[in-house]
Amino acid sequence: MTSIDTAAMADSASGGYIRIHKLSKTFGDVDHGGVLALRDINCSIAKGSFVSVVGPSGCGKSTLLRILAGLLDHSEGSVVLDGQPIHGTRRDVGVVFQSSILLPWRTILENVMLPAEVLGLDMKAAKKRAMDLLSMVRLEGFENKLPRQLSGGMQQRASIARALLHDPKILLMDEPFGALDAMTREQMNLELQRIWRESGKTVILITHSIPEAIFLGDVVFVMTARPGSLDRIIPVDLPRPRTMDVMGSPGFIAVAHQIRELFNHTGSFD
């Protein structure tokens with residue numbers, strides 16, 4: 001039995017916090033030059049878990065994330081979050097993109113509070129939560145700075161705080177550290193692990209980095225080349241909290257080897 005079969009059994013038994021069933025996405029008409037981006041994806045994601053998603057360039061990872069965020073509709077199948085189908089944007093989903101997308105004329109605090117303005121939340125309560133989140137992401141003292149006064153890693157921490165302001169059920173992250181240098185990216189991996197543990201959110205991370213996927217994930221979803229489907233769901237049975245030293249452990253190396261073997265058989269990975 002493959003790990004995908006195991007996930008399907010768990011989905012049937014527990015319902016899953018996030019359930020994706022026979023999900024497909026087509027852009028345009030396939031018979032007239034359209035593109036089948038995702039095909040027949042089935043999986044279940046547990047509440048509070050950290051899921052990493054890897055796959056070849058162009059396999060539909062970001063398309064899947066945008067469907068989960070409600071920014072794209074799917075063509076076939078279903079996506080359910082906490083018992084409710086996802087159709088359109090939802091207040092209970094937070095998203096972090098590769099670029100921090102902070103408004104340059106607003107202070108860090110004002111940027112973090114932007115969802116409160118858009119969603120019409122109580123501003124006094126939102127300001128207190130924003131300050132608490134800035135403390136959690138270790139940006140206390142920088143709330144009145146402008147984005148250009150912060151490093152790339154600090155800007156991404158601010159964008160994570162902004163995505164958490166409205167207390168979403170899940171946090172979706174699309175290659176959030178891809179533009180950072182290697183040392184900053186390692187530090188952000190440690191920070192994200194801490195933030196996830198402290199917030200208790202369900203996190204789905206899209207990444208091109210196999211080590212990053214393993215270091216952060218409870219499981220790694222490995223996608224095929226386009227049209228993207230789930231090739232394997234690989235559990236990461238490593239103790240937490242994890243330090244960078246875990247990357248040299250036999251368990252870590254074994255999972256990395258398993259993922260790389262999949263890509264050696266199915267195509268390149270970047």
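Look above for the structure.
Residues numbered from 1 in each chain as written. Predicted model: local features only at pLDDT ≥ 70, side-chain atom pairs only at ≥ 80, totals over all residues. Heavy atoms only, no water.

Comment: phi is negative for the bulk of residues other than glycine, and the bulk of peptide bonds are trans. The amide bond that connects R226 to the next residue, P227, takes the cis arrangement and shows omega of 0°. With respect to the element layout, P227 can be found in the loop between strand 9 (219–223) and strand 10 (230–235). At the junction of R240 and P241, the peptide bond is cis and its omega measures out at -5° in the coordinates. Backbone geometry at R138 places phi at a positive 60°, although glycine is not the residue there. Structurally, the position occupied by R138 is in the loop between helix 5 (123–136) and helix 6 (152–164). Residue classification places R138 among the partly exposed residues on the basis of a relative accessible area of 45%. Although it is not a glycine, E175 adopts a positive phi angle of roughly 50°. Residue position: E175 is located in the loop between strand 7 (170–174) and helix 7 (182–199). Residue classification places E175 among the buried positions, given a relative accessible area of 10%. (Helix = DSSP H or I, 4+ residues; strand = E, 2+ residues; numbered from the N terminus. Buried < 20%, exposed > 50% of the residue type's maximum accessible area, 1.4 Å probe, protein only.)

Turning to the environment of L114, a few remarks are in order. Inspection of the secondary structure assignment puts L114 in helix 4 (residues 114–119). L114 sits 66 residues away from G48 along the chain, and the two C-alpha atoms are 25 Å apart. Residue contacts for L114: discarding those within four places in its chain leaves L103 and R106. (Contact = heavy atoms within 4.5 Å.)

All right, on to the layout of surface pockets then. Considered as a void within the structure, the largest pocket measures approximately 570 Å³ in volume. Around the largest pocket sit 22 residues that line it, and V93, G94, V95, P115 and H166 are the ones nearest its centre. For the lining of the largest pocket, the elements supplying multiple residues, two or more each, are strand 6 (93–96), helix 4 and helix 6. Considering only residue class, the lining of the largest pocket consists of 12 nonpolar, 7 polar and 3 charged. (1 Å grid on protein atoms, 1.4 Å probe; cavity = no way out; pocket = protein on both sides within 12 Å on 5 of 7 lines; lining within 4 Å. Points joined across faces, edges and corners; volume = space filled by probe spheres on them. Nonpolar A, V, L, I, M, F, W, Y, C, P; charged D, E, K, R; others polar.)

A few words now on the packing of aromatic side chains. Under the criterion given, the structure shown has 1 aromatic pair. Judged by centre distance (5.7 Å) and plane angle (85°), the rings of F50 and W196 are edge-to-face. Taken together, the positions of F50 in strand 3 (residues 50–54) and W196 in helix 7 put the pair 146 residues apart, joining distant regions of the chain. W196 shares its class with F50; the two are buried. Here K25 stacks its cationic end above the ring of F27, 5.0 Å away from the centre of that ring. (Phe/Tyr/Trp six-rings, centres within 6.5 Å; stacked < 30°, edge-to-face > 60°. Lys NZ or Arg CZ within 6 Å of the ring centre and 35° of its normal.)

One open sheet holds the 6 strands; their spatial order is 6-7-8-3-9-10, and the pairing between them is mixed. Pairing within the sheet leaves two strands with one partner each, and these edge strands are strand 6 and strand 10. The sheet shows a mean angle of 15° between the axes of neighbouring strands, direction not considered. For strand 7 and strand 8 (residues 202–206), the ladder comprises 5 bridges, and the chain directions are parallel. What sits directly across from L172, in strand 8, is I204. Those strands touched by helix 6 are strand 6 and strand 7, and its axis lies near 165° from that of strand 6. (Pairing = 2+ DSSP bridges. Axes fitted to C-alpha atoms, helices over the stretch in contact; angles between N-to-C directions.)

Pairing is antiparallel across the open sheet formed by 4 strands, whose spatial order is 2-1-4-5. Each end of this open sheet is capped by a strand with a single partner; those strands are strand 2 (35–45) and strand 5 (84–85). Where strand 4 (residues 76–81) and strand 5 come together, 2 bridges link them in antiparallel fashion. Its bridge partner being in strand 5, L81 is matched across the sheet by Q84.

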